[in-house]
Amino acid sequence: MFFRMIRGALTRQRGKMLMIALTIALGASLATAMLNVMLDVGDKVNQELKTYGANITVVPKAASVLNNLYEVEGGETTEGAYLREDELGNIKTIFWAFNIVDFSPFIDTEVSLPGGGTATMVGTWFNHYLSLPTGETLYTGVQNLRTWWDIEEGQWLDEVADGADTCMVGAALAKANGIHAGDVIRVNGRYADANLRVVGVYDSGDDADEQIYAPMEIVQELSNTDGYLTSIEVSAITTPDNELAIKAAKDPKSLSVSQYETWYCTAYVSSICYQIQEVITDSVASPVRKVADSEGAILEKTELLMVLITILALVGSGLGISNLVTASVMERSNEIGLLKAIGAPDRSITAVVLTEIVLTGIAGAVVGYFVGFGFAQIIGHSVFGSSIEMKAMVIPLVGVLVVVVTLLGSIPAVRTLLRLDPTVVLHGR
Amino acid sequence: MTKRKMFFRMITASLIRRRSRMLVALLAIAVGATILSGLVTIYYDVPRQMGAAFRNYGANMILLPDAGNGAFNSQTVDEALSLIAADQIVGVAPYRYETVAINEQPILVAGTDMAGAKAASPYWFINGTWPENENELLLGQEVAQILSAGEGDTLTMVYTLSEADEDNPVSQTSEQRFKVVGVLETGGSEEEYVYISMADLEKLTQPAGELDVVELSISASQSELEGYTQTISDRVDGALAKLVKRVTQSESTVLTKLQSLVLLVTIIVLALTMICVATTMTAVVTERRKEIGLRKALGASDASIIWEFMGEGLLLGGVGGLLGAGLGFAFAQAVSVNVFSSSIAFRPLLLPITVIVSILVTGLACILPVRSATEIDPALVLKGE
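Residues numbered from 1 in each chain as written. Chains lettered and ligands numbered in written order. Predicted model: local features only at pLDDT ≥ 70, side-chain atom pairs only at ≥ 80, totals over all residues. Heavy atoms only, no water.

(A) A look at the overall build of chain B. Helix and strand counts for chain B stand at 12 helices and 10 strands. Taking 21 Å as the expected radius of gyration for a compact globule of 385 residues, we find that chain B reaches 34 Å, considerably beyond that expectation. Seen through its C-alpha atoms, chain B measures out along the principal axes to roughly 120 × 45 × 35 Å. Looking at chain B as a whole, 51% of its 385 residues are labelled buried. Contacts in chain B between residues far apart in sequence, at least 24 positions, make up 80% of those at least 6 positions apart. Total accessible area on chain B is roughly 17500 Å²; 57% of this is exposed by carbon and sulfur atoms. Each charge class in chain B was averaged separately, 28 positive and 41 negative side chains, and the resulting centres sit 31 Å apart. (Helix = DSSP H or I, 4+ residues; strand = E, 2+ residues; numbered from the N terminus. Rg over C-alpha atoms; globule rule 2.2 N^0.38 Å. Buried < 20%, exposed > 50% of the residue type's maximum accessible area, 1.4 Å probe, protein only. Contact = heavy atoms within 4.5 Å. Areas by Shrake-Rupley, 256 points an atom, 1.4 Å probe, with all protein chains shown as cover. Lys, Arg positive; Asp, Glu negative; His and termini not counted. Charge placed at Lys NZ, Arg CZ, Asp CG, Glu CD.)

Okay, here's the thing in structure tokens:
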């Protein structure tokens, strides 16, 4: 009898139930879309922030001191003054390898130009093809780490198509020496000379405007530092620092064993630095505070903003659903009065009404979940150009929300109606 | 009783007598209006607020001396700053670099305005404290390693005023003792310098010299910044303004994405909420088919019935809209305080917009069910078919 009543209500009042299901579906889709976007926004914004370039630099233990303050130039490849090129691939083997988006080695040397001036020549990877011991392959280099460069003439250097005897020249240096894209310039290094074809002229807005960027092998040849590097820039996706990370950054040995485990297995910039130091001999990896700190601040703010907007949307959709449910239950005063008049106990009336509403609600929620997931994808594709990951935890969250909200919306209404005298209700007052 | 009076009496009476039902409708409209005004306020405020967060990246404009075109000193800087809207300036840090000897080693020292540097480079991480008093210095991490000095040590700086030559066999130097109060960590080239206050540097080098570079942190969009660099370079003698591309370019990329994220979220949330409001209103009105039938049976014209229901809906929409505009602003304010720890400006234009949209949505939601109710035979409606 119970089921027959419910089935009867669901089929006979199809229009009304459809309306309730529609509203619940709308509310549920809103909740699904917002929760999915909220849970994924951190990763997405983190990817976007990679346009600021590297957030970790790796230098040899003694290099910067030697180069900058005593003006010791390349040549004497003393231990500890250089990083080793053959260890570069190790960076992609650390615990957080997956979080390392890009990295590029650098080696620099002074060269003199035909005009008589000197310039710093930086050897690096542009779009280097890397095949890792793990079987993974990737393209990495400064093309990804210097997204703010404007190419004024020519184009980005392509390592494969353009070959080794090529370079890119900073705008200020090019202007001072009358160099244009397509020219062949002769540079004199300390140990060798080379004729390089200028593939592009870039405007970087910083010191690099006075420099020449060339493939790594040619610079190593000019400075006789084959197989050595002066620095590595790493762009990694990190978790904003907390107290543990700050404590660990000062001295990892001050942590207890369990703290150490937590720290090592969280993508803090300090733990990634620590792991890089473990795989690159005689290196010091330090966060570029300018980038690392700002990333943390911006991520935190964006996430908090999305959380608050999501809460507003959830409250809004919750109120919307419970409102409609209340309205639709109130409408059925006649039916409830009749049930009471023919002697139905309060409990079974409540059970019938609630079951009906919850069944409708669940149907609406299922539709709403998929629609909402669609909305999340629309947001993901049009804003970030990639899809939003489907998070499993959204399903129970939305389910609980819908059930709680429909019950909250219908129970008070049913109770008010039950309190009324059936004769009054049936009389239509 | 005039017709108009009767109209208002019917509307208010129906609102008061059917209190609970009307409360439901009012609540729905108010929630919709809250979301509308709250999200739109946030959407307009995000670039400004986020822009402030992006200032963590440090200076986005630098002033350089324009050689041979006038002096580059603090007056030049003031002149340049007067061209920029005062409330957009986050930090100004002038720098003057000199080479000094500490423990017989050549070290680069930078004279700056400590408060300005702190504001322009919020990412500087100091082990210790910022120099506040005379003769205190901030040591870059790398210099600290070279000198094996740290917080609390005292260092003597020697500046060569003039080199020894044939006339003066002894070089002229000036000396000053400084206390190390902090060690600077940035992960960048800033670690290679020693920082002292401009006044201390001028005492050491005696004649007031020119500045080498001024870092500006300005909270403005990229096009505004480009405008500023142009006007400063054109109008201020001796100064050349340049944008720090890495910061400005990346900022505008990320900020555009964030803003379009908030925009899309706002649109989707708004569309769904408005449909929700509309369905609730429809449900509330559908319920009153009997009443409509009765009135029709009593001889009311369709037009007057529609007008009455619309009047009710519009009143509800107006009140709900007003309520929602207030609540929405409160929500936006709460978000702003929690996320960006700054208050939000009230947008007067949003108040009428919220009220009008609420009225439109409720009006549209009412008109469909009322129409369909008036179209049927009153006898059928009253019988409850």
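Text resumes after the structure shown.
(B) How the structure looks around the pattern of salt bridges. Residues and elements named next belong to chain A. Summed over all chains, the structure comprises 19 salt bridges over all chains. Here K50 makes a salt bridge to E295, at a shortest N to O gap of 2.9 Å. In this pair, K50 is assigned in the loop between α2 (14-48) and β1 (56-60) and E295 in helix α11 (residues 289-330), connecting sequence segments 245 residues apart. Assigned by exposure class, K50 and E295 land together as buried. Residue D193 pairs with R186 through a salt bridge whose shortest N-O separation is 3.4 Å. (Salt bridge = Lys/Arg side-chain N within 4 Å of Asp/Glu carboxyl O.)

(C) Expanded view of the pairing of strand β2 (residues 89-102) of chain B. Residues and elements named next belong to chain B. Pairing of β2 with strand β9 (residues 213-218), which is carried by six bridges, proceeds in the antiparallel orientation. Bridging from a neighbouring strand, A93 pairs with E215 of β9. The pairing of β2 with strand β3 (residues 105-112) spans eight bridges and is antiparallel. The residue bridging V100 from the neighbouring strand is I107, located in β3. Counting the residues that bridge the hairpin from β2 to β3 gives two residues, and of these N103 lies at a positive phi of roughly 50°. (Pairing = 2+ DSSP bridges.)

(D) Helix α3 (residues 74-81) of chain B, seen in detail. All names here are of chain B. When we look at burial in α3, the residues that qualify are T76, V77, A80 and L81. Down the axis, α3 shows its buried residues gathered within 135° of arc, on one side only. Relative to its buried face, α3 has exposed residues pointing more than 90 degrees away, namely Q75 and D78. Those residues of α3 hidden inside the fold are in contact with β1 (61-65), β2, β9, α7 (222-235) and β10 (239-243). Regarding α3, its N-cap is N73, as a side-chain oxygen of that residue lies 3.1 Å from the backbone nitrogen of Q75 further along. (Arc of directions from axis to C-beta. Polar contact = N/O pair within 3.5 Å; in protein donor to acceptor, adjacent residues only side chain to side chain.)

Worth remembering: the numbers are spatial, not functional.
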